[in-house]
Amino acid sequence: MTEESTAGARQTDEPWTIIDSGTYSEATQQALERVLLDRVANGEIGPTLRIWYRESSAVALGRFQAYADEVAPTYVEREGIDVVRRITGGGAMFVQPGAVVTFSLYLPAGMVSDDIRQSYADLDQWAIEALRDLGVDVAHEPLNDIAHAEGKIGGSAQRRTDGAVLHHTTMSYDLDIAEMLRVLRVGEEKVSDKAIASAEKRVARIADHVEASRSAVIDALKRGVRERAGATERSLTDDERASAQVLVKDRFGTAAWNRQL
């Protein structure tokens, strides 16, 4: 195995695949993370890039966060915004269909640096290069952010098992900042022009800095993997989708999981 980079990971002889299809609920998306991570760990699939498409607005809670501490409960319940705990750590993220770009890398453990700090830099570098190619001047900001001079564009999180690593990143394309503040703890009645202006200084959006469409951003990400690894595209299998639905029923769609802390 050489140290040449493919999507920021060490090169492998295993064929890469790209999954760029299927619109799902937040609970199903988070369940798919567990399913595909385990399949890589078990040697059933090789290194994979997956692009997410969501059915509705949602909040992805970090693995160790408390529901009541991170969201405005009355608002999210009234608006029907799903709050789903993910299997990775980190902070809560508000997401909207078409307004963010989320991707996951599922990699054999041997492809990823044991140095956590270095691995974040490695595994986001290809996305940074894709954005730069589109004209968005971004850089890695330790530990796990993709940053623009005007604020944070994206954040990453990881989950490691004995045999595989999940690395997923969400980037703001044109996220509604005011709505984010209503959803994440601040609450509907407390959102002010000052709060919105302050948040806009911390959160940068891709669409504010380039005319490229969201689909063009996704195409740039996919192109980066294809050019490095000759990746082929596929859809989720029936078994992968079915396994995810079992996990939604048993875990990711339950209050016991999503509000346990």
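What counts and what doesn't
- Every residue gets a number counted from 1 within its own chain, in the order that chain's sequence is written.
- In keeping with the predicted nature of the model, local features appear solely for residues at pLDDT of at least 70, side-chain atom pairs appear and are counted solely at 80 or more, and the whole-chain, interface and lining totals rest on all residues.
- Only hydrogens and water are set aside when side-chain values are computed; all heavy atoms of the structure are taken into account.
- The rule for pairing is simple: two strands pair if DSSP sees at least two bridges between them.
- In this description a helix means any DSSP run of H or I spanning at least four residues, a strand means any run of E spanning at least two, and both kinds are numbered starting from the N terminus.
- Comment: axis = line fitted to C-alpha atoms, over the contacting stretch for helices; angle = value between 0 and 180 degrees taken between N-to-C directions.
- Each aromatic pair joins two rings of Phe, Tyr and Trp (for Trp, the six-membered one) with centres within 6.5 Å, and gets the label stacked for planes under 30 degrees apart, edge-to-face for over 60, and tilted for any other angle.
- Throughout this description, buried means an accessible area under 20% of the type-specific maximum (1.4 Å probe, protein chains only), exposed means over 50%, and partly exposed covers the range between.
- Two limits define a charge over a ring: the Lys NZ or Arg CZ must be within 6 Å of the ring centre, and within 35 degrees of the ring normal.
- What counts as a salt bridge is simple: a side-chain nitrogen of Lys or Arg found within 4 Å of a carboxyl oxygen of Asp or Glu.
- By definition here, a helix of n residues has an expected span of 1.5 Å times n minus one.
- Note that the bend at a residue is defined as the angle between axes fitted to the seven residues ending at it and the seven residues starting at it.
- Whenever two N or O atoms come within 3.5 Å, that pair is a polar contact, provided that in protein one can donate a hydrogen and the other can accept it, and provided that, for residues adjacent in sequence, both atoms are side-chain atoms.

Visitor: How would you summarise the sheet that holds strand S8 (residues 100-108) if you had to cite specific residues and measurements?
Guide: Read from one edge of the open sheet, eight strands run S9-S10-S11-S12-S8-S4-S3-S13, paired in mixed fashion. Only two strands of the sheet have a single partner each, and these edge strands are strand S9 (138-141) and strand S13 (232-234). For this sheet, the mean inter-axis angle between neighbouring strands, taken without regard to orientation, is 20°. Where strand S10 (residues 145-148) meets strand S11 (residues 151-160), four bridges bridge the pair, whose relative direction is antiparallel. Residue pairing in the sheet places Ala147 in a bridge with Lys152 of S11.

Visitor: Which residues make up the packing of aromatic side chains, and what are the values?
Guide: Counted under the stated rule, the structure contains two aromatic pairs. With centroids separated by 5.0 Å and ring planes inclined at 70°, the aromatic side chains of Phe103 and Trp126 adopt a geometry described as edge-to-face. Remark: Trp126 occurs in helix H4 (residues 116-134) and Phe103 occurs in strand S8; sequence separation between them is 23 residues. Just as Phe103 is buried, Trp126 falls in that class too. Taking the centre distance of 5.5 Å and the plane angle of 70° together, the rings of Phe252 and Trp257 count as edge-to-face. You can call Phe252 buried: its relative accessible area is 0%. Note on Trp257: relative accessible area 9%, which makes it buried. Against the face of Trp257 rests Arg251, its NZ or CZ located 4.8 Å from the ring centre. The ring of Tyr67 is capped by Arg259, whose NZ or CZ atom sits 4.1 Å from the centre of that ring.

Visitor: How would you sum up unusual backbone geometry? Please name residues and give values.
Guide: The omega torsion of the bond from Pro142 to Leu143 falls at 5°, within 30 degrees of zero and hence cis. As for its position among the elements, Leu143 is in the loop between S9 and S10.

Visitor: How would you explain the sheet that holds strand S6 (residues 82-85) if you had to name every residue and give the values?
Guide: Strand order across the open sheet formed by three strands is S6-S5-S7, with mixed pairing between neighbours. Unpaired on one side and paired on the other, S6 and strand S7 (93-95) mark the two borders of the sheet. This sheet shows a mean twist of 25° between the axes of neighbouring strands, independent of strand direction. Of the pairings in the sheet, the one linking strand S5 (residues 58-61) to S7 comprises three bridges and is antiparallel in character. Within S7, the position partnered with Ala60 by the bridge is Met93.

Visitor: For the pattern of salt bridges, give the residues involved together with the corresponding values.
Guide: When their charged atoms lie close together, side chains carrying opposite charge are able to pair. Enumeration according to the criterion identifies 15 salt bridges in this entry. Here Arg39 ties to Asp239 by a salt bridge, and the two come within 2.3 Å at their closest N and O atoms. A residue pair is termed long-range when its members are at least 10 positions apart, and Arg39 in helix H1 (residues 26-41) and Asp239 in helix H8 (residues 238-252) qualify at 200 residues. Note on Arg39: relative accessible area 12%, which makes it buried. The exposure class assigned to Asp239 is partly exposed, which follows from its relative accessible area of 46%. Among the ionic pairs, Glu240 bridges to Arg234, the shortest N-O distance being 3.0 Å. The partly exposed category is assigned to Arg234, whose relative accessible area is 22%. Among the charged side chains, a salt-bridge network with shared partners connects Asp20, Lys222, Arg226 and Glu233.

Visitor: Outline H4, listing residues and values.
Guide: Over its 19 residues, H4 extends 28 Å from the first C-alpha to the last, a length consistent with the 27 Å expected when each residue adds 1.5 Å. The sharpest bend along H4 comes to roughly 40°, located at Gln125. One side-chain oxygen of the residue at the start of H4 lies 3.1 Å from the amide nitrogen of Arg117, identifying that residue as Asp115. Count one or two residues on from H4 and you reach Gly135, which has phi positive near 105°.

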